[in-house]
Amino acid sequence: MLAHPQAKFIERNHCINCNSARLSEISHGRFTDRPLVDFLEADPWGESPMPYLQEASWVLVRCANCSQMFHKRILNAEWNERRFTKWMSAEAIKEFEDRRGKASASKKFNRARSYVEHILRIEKFTRSIRGHRPIRLLDFGCGFGDFLSICERFGFEAVGVDRATPRIQGAAVKIYPSLADLSAAEPFHVITLFEVLEHLDEPAIILKQLAERLMTGGLLILETPDCQSVNGIKTHDDYDKVHPLEHINAFTHETLTSIAERHGFRAIKWGPVYVTAERIRVIKRELKYLLGRDGISTQL
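Reading the values: the criteria
- Residues numbered from 1 in each chain as written.
- Predicted model: local features only at pLDDT ≥ 70, side-chain atom pairs only at ≥ 80, totals over all residues.
- Heavy atoms only, no water.
- Helix = DSSP H or I, 4+ residues; strand = E, 2+ residues; numbered from the N terminus.
- Rg over C-alpha atoms; globule rule 2.2 N^0.38 Å.
- Buried < 20%, exposed > 50% of the residue type's maximum accessible area, 1.4 Å probe, protein only.
- Contact = heavy atoms within 4.5 Å.
- Lys, Arg positive; Asp, Glu negative; His and termini not counted.
- Charge placed at Lys NZ, Arg CZ, Asp CG, Glu CD.
- Salt bridge = Lys/Arg side-chain N within 4 Å of Asp/Glu carboxyl O.
- Core = buried A, V, L, I, M, F, W, Y, C linked by side-chain atoms within 4.5 Å.
- Polar contact = N/O pair within 3.5 Å; in protein donor to acceptor, adjacent residues only side chain to side chain.
- Phe/Tyr/Trp six-rings, centres within 6.5 Å; stacked < 30°, edge-to-face > 60°.
- Lys NZ or Arg CZ within 6 Å of the ring centre and 35° of its normal.
- Axes fitted to C-alpha atoms, helices over the stretch in contact; angles between N-to-C directions.
- Parallel < 35°, antiparallel > 145°, perpendicular 65-115°, else oblique.
- Left-handed = near helix turned anticlockwise from the far one by under 90°.

Turning next to the overall build of the protein. Helix and strand counts for the protein come out as 11 helices and 13 strands. Rg of the C-alpha trace for the protein: 20 Å, near the compact-globule value of 19 Å for 300 residues, within the 12% margin. Overall, the C-alpha framework of the protein stretches about 65 × 45 × 40 Å when taken along its three principal axes. In the protein, which comprises 300 residues, the proportion classed as buried is 50%. Counted over contacts in the protein with a minimum sequence separation of 6, partners at least 24 positions apart contribute 73%. Counting 42 positive and 39 negative side-chain charges, the protein places the centres of these two groups 4 Å from one another.

Below you can see the structure in the form of structure tokens.
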């Protein structure tokens, strides 16, 4: 007899990308198996999820039709709410961010530089649809709103959406808990999702809703971890990319492009941007661009 109620899961039996039922198992295990249990126990939590996962298992699958990878078993709505409100407390989220290095000076600098690079590209590629008006931008899954804060400095009309209550309460900018809470105002020139799509239960539905909020010719910017080489949870790098509670969808460059195209977007190449005084960084950015690994930007 277990002392704690056990978390409830639902199964996704159709591809999150193309909706095919032709799924094949890549890997599976229990949350109490090593090394997964060690990774989970080492993470900071407000309330540890482990007592509630003693009977839980995970299954990573791949679609035979479009090659999309994702976790078949995900927390149901009730337990997902517990994850957001109790497991991921304000203190736990802050420690997560600190462990990722965001508190270090070099990480903060590089993150801010990346944001400025995005802003410069956005300014260039929205000129034809906005004229002399300010850029209207929505950052979906915006965290504490760091990107929004920088956008405001550049004169953007920027708003964010994030489900996690501690992030909303701790942000320096206005953040809404859901798309439904946004007013039905003028559509956006740009919508960004930085490392968000891998977290969503139904990413296709969210992309459809976001497309409805974007004006014709607008930009959708997607960034996710590249899971090309992942085939299970054997290392901490695997865990970071396909965390069975957090990173429930595993994208590659190809599947990230395809899920956007299924919702009316087309991938565009918008070239590298240089916010640096170092020549070697310019060379690296050029190589990354030539190899086609400079993120995914799509246009409606």
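Read on, since the account is not over.
It is worth spelling out the pattern of salt bridges at this point. On inspection of all chains with the given rule, the structure shows 12 salt bridges. Among the ionic pairs, Arg 82 bridges to Glu 47, the shortest N-O distance being 3.0 Å. On the criterion of sequence distance, the pair formed by Arg 82 in helix H2 (residues 77–87) and Glu 47 in the loop between helix H1 (36–42) and strand E3 (57–63) is long-range, its members being 35 residues apart. Accessibility expressed as a relative area gives 21% for Arg 82, which makes it partly exposed. For Glu 123, the salt bridge identified is with Arg 130, shortest N-O distance 3.1 Å. A relative accessible area of 30% places Glu 123 in the partly exposed class.

Another point: unusual backbone geometry. At the junction of Arg 34 and Pro 35, the peptide bond is cis and its omega measures out at 10° in the coordinates. Looking at the secondary structure, you find Pro 35 in the loop between strand E2 (23–30) and H1. Within the chain, Asn 19 stands out as a residue other than glycine whose phi angle is a positive 75°. Take Asn 19: it is sitting in the loop between strand E1 (9–11) and E2. The exposure class of Asn 19 is exposed, given its relative accessible area of 52%.

A few words now on the nonpolar core. In this structure, Phe 140, Leu 193 and Leu 197 are the most contacted members of the largest nonpolar core, which totals 31 residues. Within the residue set of this core, elements represented by two or more residues are E3, strand E6 (136–140), strand E9 (188–194), helix H8 (203–213), strand E10 (214–223) and helix H10 (253–261). Residue contributions to this core peak at four residues, all from H8. Core analysis: the second largest hydrophobic core is formed by 25 residues, Leu 40, Leu 53, Leu 75 and Val 242 among them.

As a further point, take the side chain of Thr 192. Relative to the helices and strands, Thr 192 is located in strand E9. For Thr 192, the side chain forms a polar contact with the side chain of Asp 139, separated by 2.8 Å. When residues no more than four places from it in sequence are discounted, the contact partners of Thr 192 are Leu 137, Leu 138, Asp 139, Phe 140, Phe 147 and Ile 221.

Moving on, we come to the packing of aromatic side chains. Within the structure shown, the criterion is met by eight aromatic pairs. Note on Tyr 115 and Phe 147: the rings are 5.0 Å apart at their centroids and 50° apart in plane angle, and the pair reads as tilted. Separated by 32 residues along the polypeptide, Tyr 115 in helix H4 (residues 105–125) and Phe 147 in helix H6 (residues 146–153) bring together distant segments of the chain. Across the pair, exposure class does not vary: Tyr 115 and Phe 147 are buried alike. Between Tyr 115 and Phe 194 the ring centres are 6.2 Å apart and the planes differ by 35°, which places this aromatic pair in the tilted class. Of the two residues, Tyr 115 sits in helix H4 while Phe 194 sits in strand E9, which places them 79 residues apart along the sequence. By relative accessible area, which is 9% here, Tyr 115 ends up buried. Three or more aromatic residues joined by ring pairs form one cluster here, namely Tyr 52, Trp 79 and Trp 87. The residue whose ring lies beneath Arg 82 is Tyr 52, and the NZ or CZ to ring-centre distance is 4.5 Å.

Turning to the packing of H4 against H6, a few remarks are in order. It is at 10 Å that the axes of H4 and H6 come closest, and there the two elements cross at 50°. If you check the angle between H4 and H6, you find them oblique. Once H4 is placed against H6, the crossing between them reads as right-handed. Contacts from Ala 112, Tyr 115, Val 116, His 118, Ile 119 and Ile 122 of H4 reach H6 at Asp 146, Phe 147, Ile 150 and Cys 151.

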